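Analysis of the macromolecular model
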Amino acid sequence: MELLTRFHPVHEALRARRRALHLLRVREPAPREAEPLLALANEAGVRVEFCAPADLGRGLPPGVKSQGFVLEAGEIPEFELEALLEMGPAGRRCVVALDGVEDPQNLGAIARVAHAAGATALLLTDRRSAPLSPAVSRASAGAIEHLPVARVVNLSRALERLKAVGFWVLAAEPNAPQDLFGLADRFWEGDLVLVLGAEGRGIRQGLQRQLDTPISIPMAGAVASLNVSAAAAVILYEWVRRRRSSPA
């Protein structure tokens, strides 16, 4: 059982209906923001329980504030790699693959920008990856409720499979000689995988042979790199810009 809190994660879980939805707890008296949640719960057939403030947060981890709402729900469903290949129109897909991103705040922030930019899915690994916890839903402002997630045992083999069906594979690396903004147009055409590594460690050596090219983000200041979620935003919106400027 997962306990989702705060307006946006609860709202998006009720909208998406991808999880099993069991019970919506609402503080009594109900906050003003409760009205759309109550309407969505009614549409989804989710039972609502109004609780005294002292009872609302039962079961929540220490330090987690409900902000007036707690949704009891099942886990977010995860897909197999082959199911991911059926998602989105071929030739326009973008998969964000994460190698060793274990911080739920970073995972949530990446999910938020990936969904906003129109990415098809996230690709995670069984090990060295954050679970799709309520913390991830909070950090993504509920975006993870809508963005499909596939999880694989071996990321290198998954990238090899994606390349075999026509995906370009790019990776963000701070010291790569290829500048993001100078990347040839052909890499933005067709399907794309963007690989992002953990901060400090980057992309594992074993993945290098699967890359079509590593790319770097130009850095004019004194710092050498961006936070991984900020790097994801820069690269994904360059993908959006390039696709908008090219024929459909």
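Just above sits the structure.
Residues numbered from 1 in each chain as written. Predicted model: local features only at pLDDT ≥ 70, side-chain atom pairs only at ≥ 80, totals over all residues. Heavy atoms only, no water.

Considering helix H2 (residues 34–44)
Within H2, the full set of buried residues consists of Ala34, Leu37, Leu40 and Ala41. Along the axis of H2, the buried positions cluster into a sector of 130 degrees, meaning they face one direction only. Away from its buried face, by an angle of more than 90 degrees, H2 presents the exposed residues Glu35, Asn42 and Glu43. Against the buried residues of H2 lie helix H1 (7–16), strand S2 (21–27), strand S3 (47–51) and strand S4 (69–73). (Buried < 20%, exposed > 50% of the residue type's maximum accessible area, 1.4 Å probe, protein only. Helix = DSSP H or I, 4+ residues; strand = E, 2+ residues; numbered from the N terminus. Arc of directions from axis to C-beta. Contact = heavy atoms within 4.5 Å.)

Quick notes on the nonpolar core
Within the largest apolar cluster, 38 residues are counted, with the highest numbers of intra-cluster contacts made by Val96, Leu122 and Leu236. Within the residue set of this core, elements represented by two or more residues are strand S5 (94–99), helix H5 (104–117), strand S6 (121–125), strand S8 (168–172), strand S9 (192–197) and helix H8 (228–245). Excluding its chain neighbours within four sequence positions, the residues that come into contact with Leu236 are Cys94, Val96, Val113, Ala114, Ala117 and Leu194. Grouped together as the second largest cluster of nonpolar side chains are 21 residues, Ala158, Val169, Val195 and Ile203 included. (Core = buried A, V, L, I, M, F, W, Y, C linked by side-chain atoms within 4.5 Å.)

Description of the side chain of Arg151
Locating Arg151 in the fold gives a position in strand S7 (residues 149–152). Within polar-contact distance, the side chain of Arg151 engages the side chain of Glu78 at 2.9 Å. In this structure Arg151 touches Glu78, Phe79, Leu124, Thr125, Asp126, Ser129, Ala130, Pro131 and Leu132, once residues within four positions along its chain are discounted. (Polar contact = N/O pair within 3.5 Å; in protein donor to acceptor, adjacent residues only side chain to side chain.)

Comments concerning the sheet that holds strand S10 (residues 213–215)
Strand order in this open sheet of six strands is S7-S6-S5-S9-S8-S10, and the pairing throughout is parallel. Among the strands making up the open sheet, the edge pair consists of S7 and S10. Within the sheet, the average angular offset between the axes of one strand and its neighbour, ignoring direction, is 25 degrees. Its contacts with the sheet place H8 against S5, S8, S9 and S10, and it is angled at close to 165 degrees to S9. (Pairing = 2+ DSSP bridges. Axes fitted to C-alpha atoms, helices over the stretch in contact; angles between N-to-C directions.)

Side note on H8
Taking 1.5 Å of rise per residue, 18 residues should cover 26 Å, and H8 covers 26 Å from first to last C-alpha, within 8% of that figure. Among all positions in H8, only Val228, Ser229, Ala231, Ala232, Ile235, Leu236, Glu238, Trp239, Val240, Arg242 and Arg243 are buried. Those residues of H8 hidden inside the fold are in contact with S5, H5, S8, S9 and S10. (Expected span 1.5 Å × (residues − 1).)

Re a nonpolar patch on the surface
A cluster of nonpolar side chains, namely Met219, Val223 and Leu226, defines an oily patch on the protein surface of about 230 Å² accessible area. Following the sequence through the fold, Met219 ends up in the loop between S10 and H8. (Patch = residues over 30% accessible without salt bridge, like charges linked within 9 Å, V, L, I, M, F, W, Y side chains within 5 Å. Areas by Shrake-Rupley, 256 points an atom, 1.4 Å probe, with all protein chains shown as cover. Salt bridge = Lys/Arg side-chain N within 4 Å of Asp/Glu carboxyl O.)

Section: the packing of H1 against H2
With their axes 9 Å apart at the nearest point, H1 and H2 run at an angle of 25 degrees to one another. Comparing their axes, H2 and H1 come out roughly parallel. Considering the relative orientation of H1 and H2, their crossing is left-handed. Contacts from Phe7, Val10, His11, Leu14 and Arg15 of H1 reach H2 at Pro36, Leu37, Leu40 and Ala41. Of the residues that constitute the contact of H1 with H2, the class distribution is seven nonpolar, one polar and one charged. (Parallel < 35°, antiparallel > 145°, perpendicular 65-115°, else oblique. Left-handed = near helix turned anticlockwise from the far one by under 90°. Nonpolar A, V, L, I, M, F, W, Y, C, P; charged D, E, K, R; others polar.)

These values are about where atoms sit, not about what they do.
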